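Observations on the three-dimensional arrangement
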Amino acid sequence: MECSKIQKLFKGCVLVIFYIAISFQANGQGLINGRVMESETSGAAFATVTVLNVTDSLMVKGAITDEEGNYTLRQVPGGRYLIAISSVGFEKVYLDAFDYESSQTLTMPVTRLNEASHALSEVVVSAQRPVMERKSDRYVMDVTASSFQADNLMDIFRALPFVQVQGDGISVNGRSGVLILLDKVPMPNATLKTILETMTGDEIENIEFITNPSSRYPSQVNSVISITTKKSKSFGLTGSIRSNFSQGVKARGLLGTTITYRKEKWVAGLNVNYDGRAGYMTSNGYRALNSDGNRILFNESFIYQSVTYMPSVRGSFEYNINDRHSVGLQANTSYTHISRKSFGENRLSFSRELNGPVDSVLVSDSFEYGYRMLQNYSLFYNGKLDSLGRSVDLILTYTPVRNRETSEMLFQNMIGPEGNILEQLRTVRNINPNQADILIGQMDWELPFSSKWNLTTGAKFTLSKNNTQPTQEVFMDGVFVQEDEFSFIILICLNNYDYVPLVHNLKHYELSSKFKFGRIG
């Protein structure tokens, strides 16, 4: 194949992908918002807002108000609900029951809280712990005092006003560059989403959202989310079993157990979870293109149904050598199976004007299936060098990642306005296998030398290896045949008629080091 023809074919595919890959607005995701006040002029900061099912009072969604008392509840399914609002030092409020449709946006009336009154002469009052506490450089969430025990970490983050979740990305106060620590151990980005979706609120003691990180963290880190898990305070064997089931458009279930064994100098924990979920998403949108004076509208509707199963195991061991020195080990393993029941229906129609007659429709259905295997092993040491607070942390982390995801078309046809097939287009299958290995070594020193000054220094070593080979196959004579020109192959044009496949497997090695030196007051 001539190089010029390859380039033309490539440009043509890019244009098709450009027109298909447009921004969509998801339907079927409800939104409820409102405001809670402590007084006529002061909003109730960090009050807990929960949506309860009227029939059984089970929690459907939860959120926490921002510092002005505003709250937003997203992705609320249709049903009949009531809203409960609670805040430390105030009486709990229940709003009137209401019927809700999943696609609507509903603004609730402003709610005014009343201070709680106690008969101190007759009753001993125990102070309730606040769910959220605001400090100078961080927010601290006491998960044990919240109503988010059955939610996973990703859902808890979505309920917080200062945390934004977009797809797999997380930002704090609108700033990206978030470092997540699990019991003081940094979590690699490769395993982050899996850990956040498999950890539930009943496993967590508290979460600190550090909005002004000290110089001990890398310069590109704008925020730190430090998660502290529960550790049994009782000696011997303790444990719990949990289950959670929710039903929206599709169903989701979680079954898990936590086992802890504690001795005087060491504690070991094991968490086993099995998460099964069925997802449903619909989207639609359009894009206008003016070409040679002609206006063309691309209208797309897309329906995607997914079925995934995610067993995961997380273990930890910590040994206190003495009051100042401790060592530990963390291990996380998760396997995500994407069933062949995951199915997408895509309809791309072409017309001259919005809501006008359709010239033709590109119809394609496809299966999505595969797996993702994520593991993370961390060995750490923490030493307190003296009573002034001098300390050293050593962390060694190894993360292997194994992925293989496939998108397989059933057909791809161009349909006329009357429903007749104008053209049968190529049916393709895209396979994306990936293997990655990440090794990180990190050392941090805290060296305070007076009551006001502190010296922080550290070093970080990273070695990563990535091997990937995405391929595309076309359906011919009853079988899929690989197309080299659309697979992961680097082509070099020797002349107008020849090309040479240089690389079939991409291997990328990265070696970097970091030294951080700074002082804070």
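The preceding data block contains the structure.
We now turn to the structure provided with this report.

Criteria and thresholds
Residues numbered from 1 in each chain as written. Predicted model: local features only at pLDDT ≥ 70, side-chain atom pairs only at ≥ 80, totals over all residues. Heavy atoms only, no water. Salt bridge = Lys/Arg side-chain N within 4 Å of Asp/Glu carboxyl O. Buried < 20%, exposed > 50% of the residue type's maximum accessible area, 1.4 Å probe, protein only. Helix = DSSP H or I, 4+ residues; strand = E, 2+ residues; numbered from the N terminus. Contact = heavy atoms within 4.5 Å. Phe/Tyr/Trp six-rings, centres within 6.5 Å; stacked < 30°, edge-to-face > 60°. Lys NZ or Arg CZ within 6 Å of the ring centre and 35° of its normal. 1 Å grid on protein atoms, 1.4 Å probe; cavity = no way out; pocket = protein on both sides within 12 Å on 5 of 7 lines; lining within 4 Å. Points joined across faces, edges and corners; volume = space filled by probe spheres on them. Nonpolar A, V, L, I, M, F, W, Y, C, P; charged D, E, K, R; others polar.

Attention now moves to the pattern of salt bridges. One pass over the structure, following the stated rule, counts 16 salt bridges. We note a salt bridge from Asp137 to Arg138, for which the minimum N-O separation is 3.1 Å. Of the residues examined, Arg138 reaches a relative accessible area of 21% and is grouped as partly exposed. A salt bridge links Arg138 to Glu208; the nearest nitrogen and oxygen atoms lie 2.5 Å apart. In this pair, Arg138 is assigned in strand S12 (residues 138-142) and Glu208 in strand S17 (residues 204-210), connecting sequence segments 70 residues apart. A residue is classified by how much of its surface remains accessible, and Glu208, at 23% relative accessible area, is partly exposed. Salt bridges here are not isolated pairs; linked through shared partners, they connect Asp137, Arg138 and Glu208.

The next point concerns the environment of Ser243. For Ser243, the position within the fold is in strand S19 (residues 236-247). Taking the C-alpha atoms as reference, Ser243 lies 4.4 Å from Leu255; in sequence the two are 12 residues apart. Discounting chain neighbours no more than four positions away, the residues touching Ser243 are Leu254 and Leu255.

Take the packing of aromatic side chains next. Applying the stated criterion across every chain yields a total of 11 aromatic pairs. Aromatic pair Tyr139 and Phe162: ring centres 3.9 Å apart, planes at 5°, arrangement stacked. A residue pair is termed long-range when its members are at least 10 positions apart, and Tyr139 in strand S12 and Phe162 in the loop between helix H2 (153-159) and strand S13 (163-166) qualify at 23 residues. Classification of Tyr139 by relative accessible area gives buried; the value is 4%. Overall, Phe162 belongs to the buried group, its relative accessible area being 3%. One aromatic cluster in this structure is built from Phe46, Tyr139, Phe157, Phe162 and Phe209. The ring of Tyr139 has Arg134 lying over it, and the distance from NZ or CZ to the ring centre is 4.4 Å. Of note, Arg340 hangs over the ring of Tyr369, and the distance from its end group to the ring centre comes to 4.4 Å.

Further remarks concern empty space enclosed by the protein. Within this structure, the stated rule accounts for 2 cavities of 30 Å³ or more. In this structure, the largest cavity occupies an estimated 80 Å³ of space. The wall of the largest cavity is formed by 12 residues, among which Thr194, Ile195, Asn332, Thr333 and Ser334 lie closest to the centre. Within the residue set of the lining of the largest cavity, elements represented by two or more residues are helix H3 (189-198), strand S22 (294-320), strand S23 (325-351) and strand S24 (358-384). Of the residues forming the lining of the largest cavity, the biggest block, 4 residues, is contributed by H3. Partitioning the lining of the largest cavity into residue classes produces 3 nonpolar, 8 polar and 1 charged.

Another aspect to go through is unusual backbone geometry. Most peptide bonds are trans, and most residues other than glycine sit at a negative phi. In this model, Asn173 sits at a positive phi of 55°, which is unusual for a non-glycine residue. Within the secondary structure layout, Asn173 lies in the loop between strand S14 (169-172) and strand S15 (178-182). Residue classification places Asn173 among the partly exposed positions, given a relative accessible area of 43%. The phi dihedral of Asp477 is positive, around 55°, even though this residue is not glycine.

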